[in-house]
Amino acid sequence: MVTYIADLHEDVSYHVLEHGYQDFSTDINGRHADIPKYKRGGVKLVFAAVFSAIPTWDPRIQETLSRGYGGSTPISRSYIFRAPLQMALEHFKVYYRLARALGKDLFLVKTRGDLEYAGRDERIGFLISIEGAEVLEDPGDLELFFNLGARSLTVTWNYDNRYAASCMSKRDYGLTGEGEELVSIANDLGVILDVSHASKKTALDVASLSKMPVIASHSNYSGVHRHPRNVDDDVIEAIKATGGVVGFTLITSTIGEKPSIQSLADHVMSVWERFGPDVLAVGTDFFGIEETPEGLSDVSMLPRLFSELRSRGMGESDIRKMAWDNVVRVLESHATRWPA
Ligand SMILES: [Zn+2]
C-alpha cells in the first residue's frame, strides 16, 4: 500500500487561468485533479507550476513544437514568452488564492516547518515551481521569486533562453555564463534546479555545477522511447550523482506508441534496473497535457501505476521511495536554506 505520493509537476494555475475556476473541493468528473481526487490517490505534495508563456498563433512555433513532441496529432497551440514577469505574477496570485479559499485542505510549502507538516498533515502541500527562467530578467531576480514563494525552477521550457539551451534547441550550447550564475544563486537560496525541458548539455552542465540535488520533474527515459523531452543514461547518471530524481510523466508522446500504465511502467522498470530506486519519482504534468495514458486519466488513479510496478517485482520500500521518500530527501536538503 502506497501511503503518500508527491507529484513533481502539475499546471494547476495554468488550468485556472485558461479555463476559469470551479470549486476545487468538489470532485468534477474528467478534471485532472481536485481535492477529493488528491485525497483518494494519497497525493500529499504537488509541485505547482508557474508557466508564464501566453498563447499565440505562429505556424513556425507550432511546427517546432509538433516536430519536437512528435505525437500522432500535431500540436495545435503555440506559446510565446511575452512580458512573462507580468504573467508569472498572476500565476502566483492563483496559488495564494487557492491556499486561502481551500485553507482547510491545501497549504503552500515555503518553510522548513511547512515541509515537516507535508505528509503528516491532512492537507495537501503545494510547492510553487517556476517553469521557464524567462521570467528572470536577471539571475538575481530569483531571490524576488523565492520571496514570493517559489522553491523550484526549470531553467528552460521548450525554447532557448538567455540562461540555457532547451530540448528543442537547434544549437545545444548548454548553460550560458548567466546560466552558471543562476545555478549558483539557486543553490544559495535553496531553489531546486529542474532540467526537464532542457537540452542534454544544459542538463549535464546544471548537474555538474550544482552543489545540490538536481531534478528532471516531468520526463521519461530515452532508453525506452527516444523523445527530446526524455532523459538518457548520461543525464540520469548525472542527476543521480547529485542525489536528485527523475519524475516519470504522463505526457503521452514521451511514453511511446501505446501510452498506458504498462508502457509507462516499462520506463520506470528500465531505470530502476539500471540506476536503482533512489532516482525514481513521479511528475504527472496533469493540467498541462491534453491526452492521458490509458488507465491514468486523473490524479486519483496514480496508485494503479504503483500496483503495476509491484506486480512486476518492485518491492514495497522502493515503491515508497519513488512515491514519496526520494522527493522528500531532495526537499529536505534544500530546506536547510529556507526560513524556519
Ligand atoms: Zn512542462
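Heads up: the structure comes first, above all this text.
About the criteria used
Residues numbered from 1 in each chain as written. Predicted model: local features only at pLDDT ≥ 70, side-chain atom pairs only at ≥ 80, totals over all residues. Heavy atoms only, no water. Helix = DSSP H or I, 4+ residues; strand = E, 2+ residues; numbered from the N terminus. Contact = heavy atoms within 4.5 Å. Buried < 20%, exposed > 50% of the residue type's maximum accessible area, 1.4 Å probe, protein only. Salt bridge = Lys/Arg side-chain N within 4 Å of Asp/Glu carboxyl O. Donors = N, O, S within 2.8 Å, 3.2 Å for Na, K, Ca; no water. Polar contact = N/O pair within 3.5 Å; in protein donor to acceptor, adjacent residues only side chain to side chain.

**Q** Could you clarify how one ought to interpret the environment of Ile124 in this entry?
**A** Of note, Ile124 is situated in strand β6 (residues 124-131). When neighbours within four sequence positions are excluded, Ile124 is seen to be in contact with Ile35, Tyr38, Lys39, Val43, Lys44, Val46, Asp105, Leu106 and Phe107.

**Q** Would you mind showing me how to read unusual backbone geometry here?
**A** Among all residues except glycine, the phi angle is most often negative; among peptide bonds, the trans geometry is most common. We note that Asp285 has phi near 75°; this positive angle belongs to a residue other than glycine. When its relative accessible area of 7% is taken as the criterion, Asp285 is described as buried. Even without being glycine, Phe287 reaches a positive phi, approximately 75°. In this fold, Phe287 is placed in the loop between β11 (280-282) and α12 (302-311).

**Q** I tried to follow the pattern of salt bridges on my own but got confused; where do I start?
**A** Oppositely charged side chains can pair when the atoms bearing their charge come close. Applying the stated criterion to the full structure yields 19 salt bridges. For the salt bridge of Arg31 with Asp34, the shortest nitrogen-to-oxygen distance reads 3.1 Å. Taken as a pair, Arg31 and Asp34 share a single burial class, namely buried. Asp34 is the partner of Lys37 in a salt bridge, and the nearest nitrogen-oxygen pair spans 2.8 Å. According to the relative accessible area criterion, Lys37 is buried, its value standing at 2%.

**Q** Looking at this structure, I do not really get the coordination of the zinc ion. What am I missing?
**A** A four-donor tetrahedral metal ideally has 109.5 degree angles, and a six-donor octahedral metal ideally has angles of 90 or 180 degrees. At the metal site, the zinc ion is ligated by Glu131 (OE), His197 (NE2) and His218 (NE2), and these contacts range over 2.0 to 2.2 Å. Between consecutive donors of the zinc ion, the numbers of intervening residues give the motif E-x65-H-x20-H. Taken together, the positions of Glu131 in strand β6 and His218 in the loop between β9 (214-215) and α9 (233-242) put the pair 87 residues apart, joining distant regions of the chain. A relative accessible area of 3% means that Glu131 is categorised as buried.

**Q** Explanation requested: the side chain of Thr254 in the structure shown.
**A** Here Thr254 lies in helix α10 (residues 252-255). We classify Thr254 as buried; its relative accessible area is 0%. A polar side-chain atom of Thr254 sits 2.9 Å from a polar atom in the side chain of Asn220. Excluding residues that lie within four positions of it along the chain, Thr254 makes contacts with Asn220, His225, His227, Arg229, Asn230, Thr249 and His267.

The analysis is restricted to geometry; functional conclusions fall outside its scope.
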